[in-house]
Amino acid sequence: MAAIIDGKAISLQVKDELKKKVEELKEKGIQIQLAVIQVGDNPASAVYVRNKKKGCEYIGIGSLSYELAGDVTEEEVLSLIQELNGREDVNGILVQLPLPSHIDEDKVIKAIDPKKDVDGFHPESVGALCIGQPGFVSCTPAGVIQLLKRSGIEIEGKECVVLGRSNIVGKPMSILLLRENATVTIAHSRTKNLKEVTGRADILIAAVGRPKMITRDYVKEGAVVIDVGINRDENNKLCGDVDFEDVAPVCSAITPVPGGVGPMTVAMLLYNCVESIGLYS
Ligand code: NDP
């Protein structure tokens with residue numbers, strides 16, 4: 001049976017380290033504050049935003065909350081971002097995605113000052129990541145790297161397969177693994193012989209958004225399996241992209257859903273907020 005990688009415990013470790021750093025910064029008179037913008041009343045977004053605010057409170061940084069109506073105009077969102085870009089008491093700006101369809105997400109992401117882009121989605125942050133320069137790294141993939149490292153799983157030289165190529169998970173994930181000297185394959189919906197490709201992986205990262213798609217026939221015996229997916233199954237129960245019950249007996253380590261990658265995303269957002277001081281002050 002596989003070792004269960006406990007994202008809750010590891011995220012707590014990260015948050016406790018950050019809490020200490022925040023105390024040290026406070027002693028030097030430095031305060032950190034995150035501004036969170038939520039548009040509309042998507043219940044999943046509301047849960048994510050609440051967890052992020054709770055995280056800020058836990059490590060001792062401030063959070064400002066902007067809950068905008070679902071019919072707010074794009075101009076209003078952009079003008080709020082401009083205002084926050086200019087505020088010295090705001091270190092990080094987060095716009096909870098997805099946004100309603102009448103608002104252009106790319107435009108909103110680009111409006112955020114890269115120095116406050118704690119989600120790491122701004123083209124400048126992504127570019128810096130690609131060419132190995134300092135900058136904010138997308139939280140979920142950064143969290144996966146921490147899960148692996150803090151579980152004592154070596155990445156260097158390993159065959160890693162990232163299933164999914166989105167801008168917020170798959171692509172930055174593959175670049176981070178490359179930075180750790182893995183041999184990386186990115187698979188997606190047009191990949192041929194998918195099981196053959198994923199079956200080569202020493203470390204398989206599933207970020208497809210398909211409930212329990214990954215069964216044991218996609219997985220090499222003894223592989224490490226990281227499940228990024230957050231989905232609802234046929235009974236409306238939270239589940240990942242991996243069929244945990246089926247895969248756990250054949251792999252060496254696996255993340256559960258919930259309690260795996262999810263808590264790390266929040267921890268790495270908080271990490272980016274604290275890091276903003278070193279990066280840009
Ligand atoms: P997207 O829908 O943006 O991307 C999904 C990717 O999976 C695409 O690249 C797509 O390929 C690929 N894909 C879809 N179906 C298949 C298939 N049958 N075979 C092979 N590849 C396939 O999703 P995200 O990256 O935003 O999110 C992925 C999952 O991770 C979701 O469940 C999401 O909820 C979760 N998530 C979890 C987070 C966390 O904190 N734990 C944070 C962010 C996301 P193609 O490009 O060819 O269409």
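Our subject is the structure that appears above.
Below: a short report on this structure. Keep in mind that what you see is a predicted model, and the values were worked out from it rather than measured.

**A closer look at the packing of aromatic side chains**
Using the criterion set out here, one finds zero aromatic pairs in the structure. Directly above the ring of Y58 sits K19, whose terminal nitrogen or CZ lies 4.3 Å from the centroid.

**Considerations on helix α6 (residues 139-150)**
Its twelve residues give α6 an end-to-end C-alpha distance of 16 Å, which sits within 8% of 16 Å, the value for a rise of 1.5 Å per residue. Counting buried positions along α6 yields ten of twelve residues, so the element is predominantly enclosed. Those residues of α6 lying buried are C139, T140, P141, A142, G143, V144, I145, Q146, L147 and L148. Immediately beyond the C-terminal end of α6, within one or two residues, lies G152, with a positive phi of roughly 75°.

**Regarding the sheet that holds strand β3 (residues 62-68)**
Spatially, the three strands line up as an open sheet ordered β3-β2-β4, and their pairing is parallel. With one partner strand each, in any of the chains shown, β3 and β4 (92-95) form the two edges of the open sheet. The average angle at which neighbouring strand axes cross in this sheet is 15°, direction not considered. As paired strands, strand β2 (residues 33-39) and β3 are joined by seven bridges and run parallel to one another. When the bridges of β3 are listed, L34 appears paired with S63.

**Some points on the packing of helix α1 (residues 7-27) against helix α10 (residues 261-280)**
Remark: α1 packs on α10, axes separated minimally by 9 Å, with the N-to-C direction vectors making an angle of 20°. Here α10 runs roughly parallel to α1, going by the angle between their axes. The way α1 lies across α10 gives a crossing that is left-handed. The residues of α10 that touch α1, namely those facing G7, K8, I10, S11, V14, K15, L18, K21, V22 and L25, are P263, M264, A267, L270, Y271, V274 and I277. Taken together, the residues of the contact of α1 with α10 break down into twelve nonpolar, two polar and three charged.

Each value, and the rule that gives it
- Residues numbered from 1 in each chain as written.
- Predicted model: local features only at pLDDT ≥ 70, side-chain atom pairs only at ≥ 80, totals over all residues.
- Heavy atoms only, no water.
- Phe/Tyr/Trp six-rings, centres within 6.5 Å; stacked < 30°, edge-to-face > 60°.
- Lys NZ or Arg CZ within 6 Å of the ring centre and 35° of its normal.
- Helix = DSSP H or I, 4+ residues; strand = E, 2+ residues; numbered from the N terminus.
- Expected span 1.5 Å × (residues − 1).
- Buried < 20%, exposed > 50% of the residue type's maximum accessible area, 1.4 Å probe, protein only.
- Pairing = 2+ DSSP bridges.
- Axes fitted to C-alpha atoms, helices over the stretch in contact; angles between N-to-C directions.
- Parallel < 35°, antiparallel > 145°, perpendicular 65-115°, else oblique.
- Left-handed = near helix turned anticlockwise from the far one by under 90°.
- Contact = heavy atoms within 4.5 Å.
- Nonpolar A, V, L, I, M, F, W, Y, C, P; charged D, E, K, R; others polar.

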